[in-house]
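Now for the letters of each chain:
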Amino acid sequence: MTRTINPADLQPNEFYRYMIGTIGPRPIAFASTIDAAGQVNLSPFSFFNIFGYNPPTLVFAPSINRHGHKKHTLLNVEEVGEVVINIVNYAMVEQMSLASAEFERGINEFEKAGFTAIPSERIRPPRVGESPASFECIVRQIIPTHEQSTGDFYPPGSGYLIVCEVVMAHLNDAIFNETGAIDPHRLDLIGRMGGDWYARAHGDALFEVARPKIGIGFDQIPEPIRTSSILTGNDLGKLGSFATLPTIDEISEFKASGVLDELIEEAQFGCQYLPDLLHFRAKQLLAENKVKEAWLTLLQTQ
Ligand SMILES: Cc1cc2nc3c(=O)[nH]c(=O)nc-3n(C[C@H](O)[C@H](O)[C@H](O)COP(=O)(O)O)c2cc1C
């Protein structure tokens, strides 16, 4: 069963719960801004992502608050079009959450939440010293996502996209591995989900998926394999990402090498169904990312 929902049939905040509950984990922009008088503000926004890299472009979106007013971050970037977008890791989550409280305008959340303000190089708002990565940005556009309203009252839940160009980045040495690449294990990022839930990108939550240059595609997987009750969608995805099927010679050489002898005997003498045994073996091989061996195993019965 599927729940099919037209947003127009719900209150905006009801539909919002479905979106934030399903669209995630969302990265968090911990935005440092100043007002025209130079007063500093620091607040998290998970309506955030990278939208381009030439020029390097980040977008985040403060919504109108529940009283129908613009949030301080938005007011600040309207006054001073500069923002540092600081990245949030697990070690920062509770203090970041504290900074999201509705403090009065002009209250400095660096102080309230106990973060270190480090002067930026190209812009006036300071960056967060504890962040593994901080991006100094110039605000290029502020785009409303709702009809313009008169006065200073806006429909709650409506908002603005703040389109930012990165002009300087600060990346903590601790996030790099020996080869100079950014190591996600060292970053320990968090993401926002629905309700009060967060996700932490560490340990088993991190995994790699090799990106296919060109795969044979799902549709080219022989039917008995494609409809296997043993192989999952992820298994078939790996098989479909393989560039070319092994040749007939390779398939017979694989059998002649003896690697499947044990399975073939098990089928013969243990009265087991050989294709099922081969599918289980292929599944194991796929889990070890031995995709060619998996194909060579599966194609023995074709
Ligand atoms: C992890 C996290 C993510 C948030 N994401 C958003 C967001 O994307 N948009 C938004 O309007 N408020 C978001 N909030 C709430 C704001 O941080 C909160 O309203 C804050 O008080 C705004 O501060 P400001 O008025 O100083 O700008 C988020 C809060 C947390 C804790």
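**Some remarks on the site of the ligand**
S43, F47, K71, H72 and T73 are the nearest of the 17 residues found near the ligand. Looking at the shell around the ligand, its residues break down into 6 nonpolar, 8 polar and 3 charged.

**Regarding the environment of R17**
Considering the arrangement of structural elements, one finds R17 in helix α1 (residues 12-22). Judged by local crowding, R17 falls into the partly exposed class, with 13 C-beta atoms found within 10 Å. A sequence separation of 88 residues divides R17 from R105, and the C-alpha atoms of the two residues are 27 Å apart.

**Topic: the domain arrangement of the chain**
If you check the domain split of the chain, you get domain 1 (7-205) and domain 2 (218-301). Placing the centre of domain 1 and that of domain 2 at their C-alpha centroids yields a distance of 47 Å.

**Here's the deal with the pairing of strand β3 (residues 48-53)**
Taken together, the 5 bridges between β3 and strand β4 (residues 56-60) define a ladder with antiparallel strand orientation. Considered in β4, the bridge of G52 is made with T57. Two successive antiparallel strands, β3 and β4, enclose a turn made up of 2 residues.

**Re the sheet that holds β4**
One open sheet holds the 7 strands; their spatial order is β2-β1-β5-β8-β9-β4-β3, and the pairing between them is antiparallel. Bordering the open sheet on either side are β2 (40-45) and β3, each of which pairs with just one other strand. With direction set aside, neighbouring strand axes in the sheet form an average angle of 30°. Judged from the 4 bridges that link them, strand β1 (residues 29-34) and strand β5 (residues 82-87) form a sheet pairing that is antiparallel.

The rules we used
- Residues numbered from 1 in each chain as written.
- Predicted model: local features only at pLDDT ≥ 70, side-chain atom pairs only at ≥ 80, totals over all residues.
- Near = placed C-beta within 6 Å.
- Nonpolar A, V, L, I, M, F, W, Y, C, P; charged D, E, K, R; others polar.
- Helix = DSSP H or I, 4+ residues; strand = E, 2+ residues; numbered from the N terminus.
- Buried ≥ 20, exposed ≤ 12 C-beta atoms within 10 Å, placed from the backbone.
- Domains from an automatic or database assignment.
- Pairing = 2+ DSSP bridges.
- Axes fitted to C-alpha atoms, helices over the stretch in contact; angles between N-to-C directions.

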